Amino acid sequence: MKLIEDGNLSGWVCSAFIAIGIGICYVTFKYLTPSIWSALFSLFGFGLAAVGGMCSRARLAHIKPFDSSYKKARKSGENDDDESNK
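Rules and cut-offs
Each chain carries its own residue numbering, running from 1 in the direction its sequence is written. With pLDDT at 70 or above as the cut-off, local features in this predicted model cover only qualifying residues; side-chain atom pairs require 80 or more to be listed or tallied, and sums for whole chains, interfaces and linings still use all residues. Only hydrogens and water are set aside; all other atoms, that is, all heavy atoms of the structure, feed into the side-chain values. The numbering of helices and of strands both runs from the N terminus, where a helix is a DSSP run of H or I of at least 4 residues and a strand a run of E of at least 2. For a helix, the expected span equals 1.5 Å multiplied by the residue count minus one. The buried label goes to any residue with under 20% of its type's maximum accessible area, the exposed label to any with over 50%, and the partly exposed label to all in between, with areas taken from a 1.4 Å probe on protein chains only. What makes two residues a contact is simply this: any of their non-hydrogen atoms within 4.5 Å. By definition, pLDDT measures how confident the predictor is in each residue, and it falls between 0 and 100. Only a pair of cysteine sulfur atoms within 2.5 Å counts as a disulfide in this structure description.

**As for helix α2 (residues 36-60)**
Phase 1 of the analysis: For α2, which comprises 25 residues, the first-to-last C-alpha distance of 36 Å matches the rise-based estimate of 36 Å (1.5 Å per residue) to within 8%.
Phase 2 of the analysis: Turning to α2, its buried residues are Ser38, Ser42, Gly45, Leu48, Ala49, Gly52, Cys55 and Ala58.
Phase 3 of the analysis: The secondary structure elements touched by the buried residues of α2 are β2 (8-9) and α1 (11-31).
Phase 4 of the analysis: Of the residues trailing α2, His62 is marked for its positive phi of about 60 degrees.

Right, dumping it as structure tokens:
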């Protein structure tokens, strides 16, 4: 049971983020009295749902936001810079 698979959140984590975020927003708007804390709680739920939705879309586009492949690109860029400085 992994949280991150192939550089992206796994499917059940994305679904859980979306469901929990929508649930937090619903509970906030339905049962809590208007205050700064309920607004912050609602924004937290919206943010959680947004992260789940964005990771789900990244999965469809085969984007890996949690991958460490940038390290290879950084190393190859350093080699090119060293050669051009000589």
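**Focus: the confidence of the model for the protein**
As a note on interpretation, predicted positions should not be read in detail where pLDDT is low.
Phase 1 of the analysis: Residues at a pLDDT of 70 or more form 86% of the protein, whose mean pLDDT is 85.
Phase 2 of the analysis: Ranking the helices and strands of the protein by mean pLDDT puts α1 first, with 95, and helix α3 (residues 70-85) last, with 65.

**Some details on the state of the cysteines**
Phase 1 of the analysis: According to the stated counting rule, one finds zero disulfides in the structure shown.
Phase 2 of the analysis: Distance from the sulfur of Cys14, which forms no disulfide, to the nearest cysteine sulfur (Cys55) is 4.9 Å.
Phase 3 of the analysis: Judged by relative accessible area, which is 6%, Cys55 ranks as buried.

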